Amino acid sequence: MKNKYISKEFTKLFSSVKLAVCLFILLAIIIFLGSCIPQEPLVGRLALIEQFGLSQYQLLKSLGLNDVFHSWWYLGIFILLALNLIVASFIKVFPRSKKAFSWPSFLKEIPRKAPKCPERIPPNPFLEPTLRGLGGEDLDCFEIPLSFSISDNHKNTEWNNLKQKLKNNNWEIKVNENDNSLISRKGAYHRLAPSLTHIGILTILFGALISLLFGFNGIIEGIPEDRFIISSKEDSQRSYILVTTSKIFHSPIWIGKSPEFEVEIGNTKRENYADGNPKQWFTELKFFSNNGDSLKATIASVNDPVSFAGIDFYQADWNRVLRLKFNNQDFEIKLDKIKLGKQKTGEVALNQVSKDLGLLFLVKGKDKNNIAVNNTRIISELPLPRGLGGETNEDGIGFSDTPKLKLISTNKISKSLEDINLKPIAELSPNQETQIGPMKFKFIGAYSKTGIQYKYSPGDIPMIIGMIILIIGVSIAFGSKKTIWAIRKNIDDINKNDIRVSKTSTLAPGLSPTSPLEMGSQNSNKDLNKNSQIIFLMGQSDRDKAAFEREFEDLKNNLS
Amino acid sequence: MKLVGEFTSLNTAIVISLIAFWLQAILLFFKFEQKKQKIINQISFGLISLGIFVSLSIRGVNLERFPIANLYESLLLTTLGIAVIFFILNLRNNLDFLAWPILICILGLLMSAAWLPSSQKDAIPLIPALRSYWRAIHVPPLLFSYGFFLLASIVSIFQLIESNRQSSSPEALKRIKIYQDLQYRFIVFGFPLLTFGIVTGALWANKSWGNLWQWDPKENLALVTWFCYLAFIHLKTTNKASANKLSYIVLGGLFATYMTYLGINQFNLGGLHTYGQI
């Protein structure tokens, strides 16, 4: 008994539209906050500390606002919404879609009273609420019924005319066995919109769950001939130039397995526009088995990923880099990422903490191609990237074969290049080093470095299917389901005093218990004889009432 | 020469918007008959649409690409969307009363586009990530949805003003009903476009960045906008909120739309979608 009560209350709560709306608004606010506050996974911890200070950063962290989209409370709210969606779909939405194509009841009598709708119904326009008192149990509730009557002195003429007009306008028609009452409908499929939308979102969630359980992703960054093994754990047995293992990222509930192959970076190049801006980046990827057998070689570029063994590889980043050793510490400087200052110089700190020692890059034309340290300036013969005033070699892929680095000292710390007294110290080829006072400087080399993102996401297909269903669902929602009821009665069955000829209105202003039956202005009581019939029409649309009013009026004008 | 044509047609659109706006004032003052007002509006909005379309087309032909890559081009396309939406919907509906606020918005958008700094206006080559057919599929539906949401917000303001008058005259009640009906119709047209834009954006991101969803600020704010209008649709279709509350939600949705479209760059929220830095 208690379980039944709990189950009922759970169903009631989680199928509630109010809960859904509250969660939409709450999520909207949280996501808004998460967009306004820089997120740690995107900008890094240091950037947050720089922006907010350590104490405020700690406060943000304690509230989970430094990484909103991975915080437990955000995931909790999302799970609540998913529960709400699932329960509401099965309890409310899907059962209603069954009624989308069901026919309402025929009119048995000409209604004399406007069907009264309770204040807050229909609870959902896609739902078929019951309307009692019109001879049917399943008629829609009419907030503002459109209705009018015409006389048919030639018996079947107008009645047949009505049926023909409806057919011509693509209305589905159902006539009762005595051929004195009909129902016509259009756009019933629009009522499938909520179900399709919910199915779409549920399918997306299903796909996301599949990817969460089995999927993984990661990034490999390297220069030509770097080889990687993609694995869930570091592999200390292998040693390549930069990285031995590209460690995959996966969810805490991951039950998938790592792939069993190796990937090597082949040639990589940047294609430029005529003005030197990047047009496209290409990277050749070579796949090998664990035994070293070559399996496949292919080229990835931006917007054109490659696939191998179900894993997609994307061209995500591309840079020209300098690799240096400064006092035995490795440095890699991405030349394409350097931002130029007012004097067209770019700075890179070698001392991350105090930032009192760094490299100064000078734009070509101002001086030579330059790289400089604050006190000891280092000038390079390297062709710097476009934007820093440099050039690329003929095919646009990067550096010349014999890059050299010139070291030049100066006794003046100045931002003004003209003031600097440059004295050459040394010229370094790749892998050469030199000692400058207490500083040891080694030029390892200059390379084109590519960044390849990879992803295994088996849930993508269900997610894409879900997205397509979602688009269909929301797209058909803008239409409306329209219904027209018609009934004809012999004049003898109707009290003539109840019939009033309306000279002005084209649409009857709704029915009321006291108002007579409205007739078109071209009909008059005189025209009615004992062979006459009265045809009464009534229509309703769940949405887009204005368009339906026009359609109903056109129909009326064609008949009367 | 081509550049001259591009800016001439844009200037023509701006001048027509200005003339049309003042014509609205004259029409309101002298109470022209509805038919004449409609003809004037249709001609004005038709010419504005044509001017912007020609301007964008010349730019596209000149650059040999679909002309959506920076803020200038997107502002023009949004304005074109608003003008075309009004032109089409006004053919069969009586929306002339909306012409003057829409003209203010169109003027504002066109002037903003014209006054943008050259860094946001100049035709620059596309960065590798933008070199994709998805650009033509993903962007226009979003910009057109913004147009629908703007129209919905205008009628929401009308509805709030009318409701605050607390007039119980049949005309006032009829007007409120019309505003509510229009508000719903604009949103149910805009919402599928927004959904389509978000979904195609996710599909493009999957092809370009290797993820359907990255929790990038632009994606997040688009989701916030989607949630706002989703809340509206749920409340509207279940009759669970008053007309005023619904109007406030629509205005909240417009704020979210603004943040998604322009605020993200204006307030430097960063992320992967920083093509239109102001």
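The rules behind each value
Residues numbered from 1 in each chain as written. Chains lettered and ligands numbered in written order. Predicted model: local features only at pLDDT ≥ 70, side-chain atom pairs only at ≥ 80, totals over all residues. Heavy atoms only, no water. Axes fitted to C-alpha atoms, helices over the stretch in contact; angles between N-to-C directions. Helix = DSSP H or I, 4+ residues; strand = E, 2+ residues; numbered from the N terminus. Left-handed = near helix turned anticlockwise from the far one by under 90°. Contact = heavy atoms within 4.5 Å. Nonpolar A, V, L, I, M, F, W, Y, C, P; charged D, E, K, R; others polar. Domains from an automatic or database assignment. Salt bridge = Lys/Arg side-chain N within 4 Å of Asp/Glu carboxyl O. Expected span 1.5 Å × (residues − 1). Buried < 20%, exposed > 50% of the residue type's maximum accessible area, 1.4 Å probe, protein only. Arc of directions from axis to C-beta. Buried area = accessible area lost by both parts, 1.4 Å probe. Polar contact = N/O pair within 3.5 Å; in protein donor to acceptor, adjacent residues only side chain to side chain.

All names here are of chain B. Following both chains from N to C, one finds helix 7 (residues 170-208) and helix 9 (residues 243-266) inclined at 35°, their axes separated by 11 Å at the closest point. With respect to the hand of their crossing, helix 7 and helix 9 are arranged in left-handed fashion. Here helix 7 contributes Q180, Q183 and I187 to the contact with helix 9, which in turn contributes A243, L246, S247 and V250. Of the residues in the contact of helix 7 with helix 9, the class split is four nonpolar, three polar and no charged.

By secondary structure assignment, the location of N291 of chain A is in the loop between strand 8 (278-288) and strand 9 (294-301). C-alpha separation for the pair N291 of chain A and F261 of chain A, spaced 30 residues apart in sequence, amounts to 8.7 Å.

Turning our attention to the domain arrangement of chain B. All names here are of chain B. Structurally, chain B comprises domain 1 (1-125) and domain 2 (132-278). Once you take the C-alpha centre of each, domain 1 and domain 2 turn out to be 21 Å apart. Across the contact, 22 residues belong to domain 1 and 24 residues belong to domain 2. Our count for the contact surface shared by domain 1 and domain 2 stands at zero salt bridges. Where the side of domain 1 that touches domain 2 is concerned, the elements lending two or more residues are helix 3 (71-92) and helix 4 (99-114). Its residues assigned to classes, the side of domain 1 that touches domain 2 shows 16 nonpolar, five polar and one charged.

Moving on to helix 7 (residues 156-168) of chain A. Residue and element names in this part refer to chain A. In this model helix 7 runs 18 Å from its N-terminal to its C-terminal C-alpha over 13 residues, within 8% of the 18 Å that 1.5 Å per residue would give. Among the residues of helix 7, those classed as buried are E158, W159, L162, K163 and L166. Looking down the long axis of helix 7, one finds its buried residues gathered within 140° of arc, a one-sided arrangement. Away from the buried face of helix 7 by more than 90 degrees, exposed residues K167 and N168 are located. Backbone geometry just downstream of helix 7 places N170 in the positive-phi region, at approximately 65°.

A common way to state how big an interface is: give the accessible area lost once the parts meet. With 51 residues of chain B at the interface, the matching set in chain A holds 51 residues. Counting each side, the surface lost to burial between chain B and chain A is near 4,600 Å², with a carbon and sulfur contribution of 66%. Summed over the three residues of chain B that lose the most area to chain A, namely P128, W215 and F227 of chain B, the buried surface amounts to 14% of that side. The tally of links between chain B and chain A comes to zero salt bridges. On inspection of chain B and its partner chain A, the count reaches 11 residue pairs in polar contact (both at pLDDT 80 or more). Elements supplying a minimum of two residues to the side of chain B that touches chain A: helix 7, helix 8 (217-237) and helix 9 of chain B. Looking at which element gives the most residues to the side of chain B that touches chain A, the answer is helix 7 of chain B, with 17 residues. In the side of chain B that touches chain A, the residues fall into 32 nonpolar, 12 polar and seven charged.

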